[in-house]
Amino acid sequence: MSWLILVVAGLLEVVWAVGLKYTHGFSRLVPSIITVTAMVASIALLAWAMKSLPVGTAYAIWTGIGAVGAAITGILLLGESASLARIASLALIVCGIIGLKLSTH
C-alpha cells in the first residue's frame, strides 16, 4: 500500500509543479488553490508512505516521478523540447526509480 501512496504523491507533485506555471506567481486564484492543495496532499502522502519505506528511497522516487512527469507534461502540453538527449535523460531517471524499487526490501 505504501508504494501506491508514494506513486499518487509523485503524481500530485507533477500537478503542483506544472500548476506553478499557471499561477503566474500565485496571482491567479484558481490555479493557485489547485497548486497549493496538490502541494499539501503530495507532501502528506509522501510522509505517510515514509512510515514504512526508507526515506532515501521514498524521497528519490517521489522526486523522480515528479521530475519525469513534469518534463513529459512540458513536452506534450507546453511544447517543450523533446530532444534525444532529453528523452534519454528521462529514461535514465526512470531506470533509477525502477532500480530503487527493486532494491528495497
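Residues numbered from 1 in each chain as written. Predicted model: local features only at pLDDT ≥ 70, side-chain atom pairs only at ≥ 80, totals over all residues. Heavy atoms only, no water.

**Student:** Got a minute to help me understand the pattern of salt bridges in this structure?
**Tutor:** Evaluation of the coordinates by the stated rule reveals one salt bridge. Linking arginine 86 and glutamate 80 is a salt bridge whose minimum nitrogen-to-oxygen distance equals 3.2 Å. (Salt bridge = Lys/Arg side-chain N within 4 Å of Asp/Glu carboxyl O.)

**Student:** What's the story with unusual backbone geometry in this structure? I'm lost.
**Tutor:** One can expect most non-glycine residues to show negative phi and most peptide bonds to be in trans. A positive phi angle, near 50°, is found at histidine 24, a position not held by glycine. Structurally, histidine 24 is set in the loop between helix H1 (2-23) and helix H2 (29-49). Positioned with a positive phi, phenylalanine 26 is a non-glycine residue whose angle comes to about 60°. Here phenylalanine 26 lies in the loop between H1 and H2. Residue phenylalanine 26 is classed as partly exposed on the basis of its relative accessible area, which comes to 44%. (Helix = DSSP H or I, 4+ residues; strand = E, 2+ residues; numbered from the N terminus. Buried < 20%, exposed > 50% of the residue type's maximum accessible area, 1.4 Å probe, protein only.)

**Student:** Just to check I follow, could you spell out a nonpolar patch on the surface for this structure?
**Tutor:** A cluster of nonpolar side chains, contributed by Val15, Leu29, Val30, Ile33 and Ile34, occupies part of the molecular surface with about 470 Å² of accessible area. Counting residues per element, the nonpolar patch draws most heavily on H2, at four residues. By secondary structure assignment, the location of leucine 29 is in helix H2. What makes leucine 29 exposed here is its relative accessible area of 61%. (Patch = residues over 30% accessible without salt bridge, like charges linked within 9 Å, V, L, I, M, F, W, Y side chains within 5 Å. Areas by Shrake-Rupley, 256 points an atom, 1.4 Å probe, with all protein chains shown as cover.)

**Student:** Is there a simple way to think about the environment of alanine 41 in this case?
**Tutor:** Relative to the helices and strands, alanine 41 is located in helix H2. Taking the relative accessible area as the measure of exposure, alanine 41 reaches 27% and is therefore partly exposed. The sequence separation of alanine 41 and alanine 9 amounts to 32 residues, and the corresponding C-alpha distance is 7.2 Å.

**Student:** Just to check I follow, could you spell out the packing of aromatic side chains for this structure?
**Tutor:** Where two aromatic rings form a pair, the distance of their centres and the angle of their planes describe that pair. Applying the stated criterion across every chain yields a total of one aromatic pair. Lysine 101 extends its terminal NZ or CZ atom over the ring of tryptophan 3, reaching a point 4.5 Å from the ring centre. (Phe/Tyr/Trp six-rings, centres within 6.5 Å; stacked < 30°, edge-to-face > 60°. Lys NZ or Arg CZ within 6 Å of the ring centre and 35° of its normal.)

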